[in-house]
Amino acid sequence: MNIDMLIDGILDSYDRYGGINRSEDENFPNRQNVIKILTDLQSLIFPGFKIAEEIRHSNIRYVTGTKVNNIIALLTKEIQKALVYTSLSNKCRSENIENTHCFKLAEQTCVALIENIPEIRRELMLDVQAMVLGDPAAKSPEDVILSYPGLQAILVYRISHFLHTKGVPIIPRIMSEYIHSRTGIDINPGAEIGESFFIDHGTGIVIGETCIIGNNVKIYQGVTLGALSVKKELQNKKRHPTIEDNVTIYAGATILGGDTTIGKGTTIGGNTWITKSIPCNSLVTQENQNEY
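This structure is a prediction, so every number in the text was calculated from the model and none was measured.

Visitor: What am I meant to see in the pattern of salt bridges here?
Guide: A side chain with one charge can pair with a side chain of the opposite charge if their charged atoms come near. As enumerated under the stated definition, the model contains 11 salt bridges in all. Of the charged contacts, one joins Arg122 and Glu119 as a salt bridge, the two residues approaching to 2.9 Å between their closest N and O atoms. In this pair, Arg122 and Glu119 both sit in helix 6 (residues 117-134), three residues apart, roughly one turn of the helix. Residue Glu177 is joined to Arg173 by a salt bridge in which the shortest nitrogen-to-oxygen separation is 3.1 Å. Pair noted here: Glu177 and Arg173 are both in helix 9 (residues 171-183), with a separation of four residues, about one helical turn. By relative accessible area, which is 29% here, Glu177 ends up partly exposed. Judged by relative accessible area, which is 43%, Arg173 ranks as partly exposed. Among the charged side chains, a salt-bridge network with shared partners connects Glu119, Arg122 and Glu195.

Visitor: How should the sheet that holds strand 14 (residues 283-284) be read in this particular structure?
Guide: Spatial strand order, 3-6-9-12-14: five strands in an open sheet with parallel pairing. With one partner strand each, in any of the chains shown, strand 3 (198-200) and strand 14 form the two edges of the open sheet. In this sheet, strand 9 (residues 248-249) lies alongside strand 6 (residues 218-220) in parallel orientation, the contact comprising two bridges. Bridge pairing in strand 9 places Lys218 opposite Thr248.

Visitor: How do you make sense of the environment of Leu105 when you look at a structure like this?
Guide: Secondary-structure assignment places Leu105 in helix 5 (residues 99-115). Each C-alpha atom of the pair Leu105 and Lys166 lies 9.9 Å from the other, and the pair is 61 residues apart in sequence.

Visitor: Where do I start with the side chain of Asp135 in this structure?
Guide: Tracing the chain through its elements places Asp135 in the loop between helix 6 and helix 7 (141-147). Here Asp135 sits buried without a salt bridge, and the closest side chain of opposite charge, Lys218, lies 7.9 Å off (N-O distance). One polar contact links the side chain of Asp135 to the main-chain amide nitrogen of Ala137, over a distance of 3.0 Å.

Visitor: I keep staring at the sheet that holds strand 8 (residues 242-243) and nothing clicks. Help me out?
Guide: What links the strands of a sheet is backbone hydrogen bonding, and the strands pair in either a parallel or an antiparallel sense. Here we have four strands laid out as an open sheet, ordered 2-5-8-11, and parallel in their pairing. Bordering the open sheet on either side are strand 2 (192-193) and strand 11 (261-262), each of which pairs with just one other strand. Examined bridge by bridge, strand 8 and strand 11 share two bridges and lie parallel to one another. When the bridges of strand 11 are listed, Ile243 appears paired with Ile262.

Visitor: Sorry, what's going on with the environment of Phe198 here?
Guide: Looking at the secondary structure, you find Phe198 in strand 3. A relative accessible area of 2% places Phe198 in the buried class. Between the alpha carbons of Phe198 and Gly134 there is a distance of 7.8 Å; along the sequence they are 64 residues apart. Not counting residues up to four positions away in its chain, the partners in contact with Phe198 are Ala130, Met131, Gly134, Asp135, Val217, Lys218 and Ile219.

Conventions adopted
- Residues numbered from 1 in each chain as written.
- Predicted model: local features only at pLDDT ≥ 70, side-chain atom pairs only at ≥ 80, totals over all residues.
- Heavy atoms only, no water.
- Salt bridge = Lys/Arg side-chain N within 4 Å of Asp/Glu carboxyl O.
- Helix = DSSP H or I, 4+ residues; strand = E, 2+ residues; numbered from the N terminus.
- Buried < 20%, exposed > 50% of the residue type's maximum accessible area, 1.4 Å probe, protein only.
- Pairing = 2+ DSSP bridges.
- Lys, Arg positive; Asp, Glu negative; His and termini not counted.
- Polar contact = N/O pair within 3.5 Å; in protein donor to acceptor, adjacent residues only side chain to side chain.
- Contact = heavy atoms within 4.5 Å.

Just geometry here; none of it tells us what the structure is for.
The structure is reproduced here in structure tokens:
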């Protein structure tokens with residue numbers, strides 16, 4: 001068969017089935033660019049830990065400024081693309097809002113994210129401290145920052161959640177799925193997670209979009225905070241559980257349902273299956289879970 005005919009067949013499939021990210025104005029955000037931005041944000045939050053770089057008192061302002069400018073420039077373009085792309089099927093397109101307007105919204109969001117970096121760092125240092133205090137294997141805050149996948153997942157969550165709350169489409173999910181592939185921890189950017197959050201080990205954890213988690217919560221590997229039903233018509237409903245303050249959930253536990261609340265101070269034992277609310281200060285095990 002002629003090579004040109006083979007190429008024509010592939011090109012025809014692009015037109016028939018989609019799945020192509022063109023380089024015109026209305027293209028989809030680029031995953032590689034988003035990952036590059038995320039790496040820059042991680043190194044901005046914890047300088048000298050994520051990538052090999054010289055960090056000294058004499059150059060830290062310059063290094064920080066370079067990162068900030070690079071993040072704003074690249075992230076603005078990617079958010080702009082996301083806004084323009086999604087506007088094809090929403091009010092933005094029907095009102096013919098110009099591409100330049102989407103650019104301004106994107107730039108404002110990037111600046112707001114940079115302004116919020118000190119607050120994100122404060123929250124993350126509380127998460128680090130929770131891990132140091134809660135895990136006998138943690139030797140120091142630096143040990144946690146360098147090597148704990150749970151912290152990496154939480155870091156990306158706190159960035160992607162901020163963008164999610166600002167109405168940025170697509171990009172927060174690209175970020176969360178990237179770190180999911182790296183750590184095995186799946187946290188939807190829409191979840192609401194409080195301070196001093198401790199993920200121990202972490203592999204196999206799933207935290208759904210409408211989940212609400214309070215302060216000082218500890219979760220072990222294999223925990224699912226999920227929905228009782230995945231029907232599409234429920235997408236705008238609360239589908240995932242609420243976990244109140246000072247709750248510990250041990251490995252392999254499954255907690256499902258938007259009406260399910262785990263009360264303050266409760267401990268959920270490993271490999272339990274919970275679809276009903278649990279009172280405060282309870283101890284739930286495989287043996288007694290049917291009593292609740």
